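Next come the chains, spelled out residue by residue.
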Amino acid sequence: MPGWQAIYQQLKDKNFEIVSVAQDTNGVKDAGPWITAANPTYIALIDEKHLVSKLYNMVNVPTGVWIDEQGKIVRPNEVAFVDDRFKNFSGLDSAPYLNALRNWIEKGDKSVYTMSEERLREKLAVNDLNVILAAAEFGLGEHLYKSGHLKEAIPHFKEAQRLNPKSWNYKRQAYALSDAKSDYGTTFMDEVEKAGGSKVYYPPPDLKPAAAPKDKKPQE
Amino acid sequence: MKWRISTGILSLFLLVACVSARGEETHATIIYDDHATEISTANKDRGQLWVTTVDLKRATGFELKPQGVCRNELCFPVPKPRQQEFVRKSTGKTWFNVVAFALLVHQPVVHDEALATWYFGLRSDQRQGLSSLEAPDFTLPDMSGKLHSLSESRGKKVLLLTWASW
């Protein structure tokens with residue numbers, strides 16, 4: 001978060017806002033200390049019910065989405081690192097992503113990093129009934145946990161994990177609420193290993209500059 | 001002894017008949033739009049959940065109207081020939097089948113039997129945002145509890161960023 005505050009300082013006068021949203025079932029109790037430490041001047045929200053992940057079909061954190069001045073998505077869900085703290089694990093440099101972000105702030109829809117509508121639709125399409133059901137199972141699990149029924153919540157968290165195995169949020173949030181080893185018979189690192197390692201856990205952002213279709217329009 | 005058993009069996013039959021006709025009375029917790037409502041008297045019947053129209057409004061904000069099941073300007077017509085799957089009258093009240101309604105509007109419903117809790121996910125109309133490429137709006141609190149909506153940043157470029165403490 002301190003990293004994002006520095007980026008925000010550099011870019012905020014260019015009609016730019018950061019809306020950060022903590023996906024934390026225990027809300028301020030868990031996310032609060034991080035926000036207090038970073039003391040951001042951008043918008044920092046608390047999302048106990050993982051609503052944003054549900055609405056945008058996000059499966060991991062940190063995830064970034066670019067939204068233009070009209071409220072339209074121009075780059076969908078992708079891993080968004082602000083520094084290289086996790087580079088040993090992820091193998092990902094943060095610089096290319098941050099450069100792409102700066103490019104967009106400067107150039108708007110002329111930026112080669114915004115995606116065509118066709119590509120966006122392809123990336124955002126969710127017609128998988130299981131993914132939709134998984135979100136409901138996770139929501140039920142969260143409600144039961146919050147009302148003091150962790151034991152009853154676990155089968156619903158497990159069902160969410162089974163229905164949407166791509167969601168790391170469903171795994172990690174559930175593990176954080178109990179003992180992964182005894183309640184889920186696994187650990188986070190075992191799961192990453194099983195899935196094929198950190199390259200699968202953090203798929204690198206797709207930063208090949210697209211031939212922006214808008215640039216191909218006839219000159220006025 | 002014999003008559004006792006047959007009386008027992010008879011009353012069992014009566015009970016079964018009763019249950020199959022009217023379902024089973026239950027307390028229910030309904031979570032709709034991530035908001036939980038306690039319902040003291042609902043009716044559970046072969047996977048369906050019936051609540052009074054008063055509780056329907058309380059739990060979901062939806063009301064029965066001549067044009068369909070409505071909340072503000074949002075209305076879902078109920079197919080006429082299937083009316084009895086959704087609405088029935090008994091004990092002087094009008095009951096509405098919230099599980100059938102969820103299926104009608106392509107909304108996932110999951111349920112915890114032991115805690116009599118039903119969770120309703122996003123309706124199909126709430127999932128349209130992504131295919132229109134319009135960023136789905138949301139309203140959430142900051143640390144001090146003050147609410148912010150994504151749409152308040154309209155007119156600016158926004159980096160929406162999720163993270164977590166875990």
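Note that this is a predicted model, so its numbers are computed, not measured. Each residue is numbered by its place in its chain's sequence as written, counting from 1. Chains and ligands are labelled by the order in which they are written, letters from A for the one and numbers from 1 for the other. Two thresholds apply to this predicted model, a pLDDT of at least 70 for residue-level local features and 80 or more for giving and counting side-chain atom pairs, whereas whole-chain, interface and lining totals are computed over all residues.

Attention now goes to the sheet that holds strand β4 (residues 63–65) of chain B. Residues and elements named next belong to chain B. Here, strands pair whenever DSSP counts at least two bridges between them. Comment: elements are numbered from the N terminus, with helices defined as DSSP H or I runs of at least four residues and strands as E runs of at least two. Taking strand neighbours across the sheet as the criterion, the 3 strands line up as β4-β5-β6 in an open arrangement whose pairing is antiparallel. Where the open sheet ends on each side, the last strands, each with one partner, are β4 and β6 (74–76). Adjacent strand axes in the sheet meet at a mean angle of 35° when their direction is disregarded. To define axes, lines are fitted to C-alpha atoms, for helices over the stretch in contact only, and angles between the resulting N-to-C directions are given on a 0 to 180 degree scale.

What follows covers unusual backbone geometry. Residues and elements named next belong to chain A. In this structure, the amide linkage connecting Val-61 to the following residue, Pro-62, adopts the cis form with an omega of -10°. In this structure, Pro-62 sits in the loop between α3 (51–56) and β3 (63–67). Here the phi dihedral of Asn-15 falls at roughly 60°; this positive angle occurs in a residue that is not glycine. Locating Asn-15 in the fold gives a position in the loop between α1 (2–11) and β1 (16–23).

Moving on: the interface of chain B and chain A. Frequently, the measure chosen for interface size is the accessible area that the parts lose on association. In this assembly, 42 residues from chain B lie in contact with 68 residues from chain A. Mapped onto the side of chain B that touches chain A, the elements with two or more residues apiece are β9 (109–112), β10 (117–120), α5 (129–132), β11 (139–141) and β13 (157–163) of chain B. No other element matches β13(B), which puts 7 residues into the side of chain B that touches chain A. Of the residues belonging to the side of chain B that touches chain A, the class tally is 25 nonpolar, 10 polar and 7 charged. Where β1(A) and β13(B) come together, 7 bridges link them in parallel fashion. Across the sheet, Phe16(A) pairs through a bridge with Lys157(B), a residue of β13(B). Here contacts are defined at the residue level, using C-beta atoms placed from the backbone and a cut-off of 7 Å between them. In the scheme used here, Gly and all other residues not listed as nonpolar or charged are polar, with Ala, Val, Leu, Ile, Met, Phe, Trp, Tyr, Cys and Pro taken as nonpolar and Asp, Glu, Lys and Arg as charged.

This part is about helix α7 (residues 129–146) of chain A. All names here are of chain A. Given a rise of 1.5 Å per residue, 18 residues ought to cover 26 Å, and the 26 Å separating the end C-alpha atoms of α7 matches this to within 8%. Counting buried positions along α7 gives 13 out of 18 residues, so the element sits mostly inside the fold. The positive-phi residue at the C-terminal boundary of α7 is Gly-148, with phi of around 90°. Take the residue count of a helix, subtract one, and multiply by 1.5 Å to get its expected span. For the exposure call, what matters is how many other C-beta atoms sit within 10 Å of a residue's own: 20 or more marks it buried, 12 or fewer exposed, and in between partly exposed, using C-beta atoms placed from the backbone.

Here we take up the confidence of the model for chain A. One number per residue, pLDDT, summarises how confident the predictor is, and it ranges from 0 to 100. Predicted confidence across chain A gives a mean pLDDT of 92, with 95% of residues reaching 70 or more. Counting interchain partners and residues more than four positions distant, the pLDDT-below-50 stretch residues 215–220 of chain A has 1 contact.

Residues and elements named next belong to chain A. Direction vectors running N to C along helix α8 (residues 150–163) and helix α9 (residues 168–177) enclose 165°, while the axes themselves pass 10 Å from each other. By the criterion of interaxial angle, the relationship of α8 to α9 is roughly antiparallel. Taken as a pair, α8 and α9 cross one another with a handedness that is left-handed. Every residue of α9 that contacts α8 at Leu-150, Phe-157, Ala-160 and Gln-161 is listed here: Tyr-170, Lys-171, Ala-174 and Leu-177. A breakdown of the residues in the contact of α8 with α9 according to their chemical character gives 6 nonpolar, 1 polar and 1 charged. For classification, angles of less than 35 degrees are called roughly parallel, those exceeding 145 degrees roughly antiparallel, those between 65 and 115 degrees roughly perpendicular, and all remaining angles oblique. Definitions for this section: a left-handed crossing has its near helix turned counterclockwise from the far helix by less than a right angle. A right-handed crossing has that turn clockwise.

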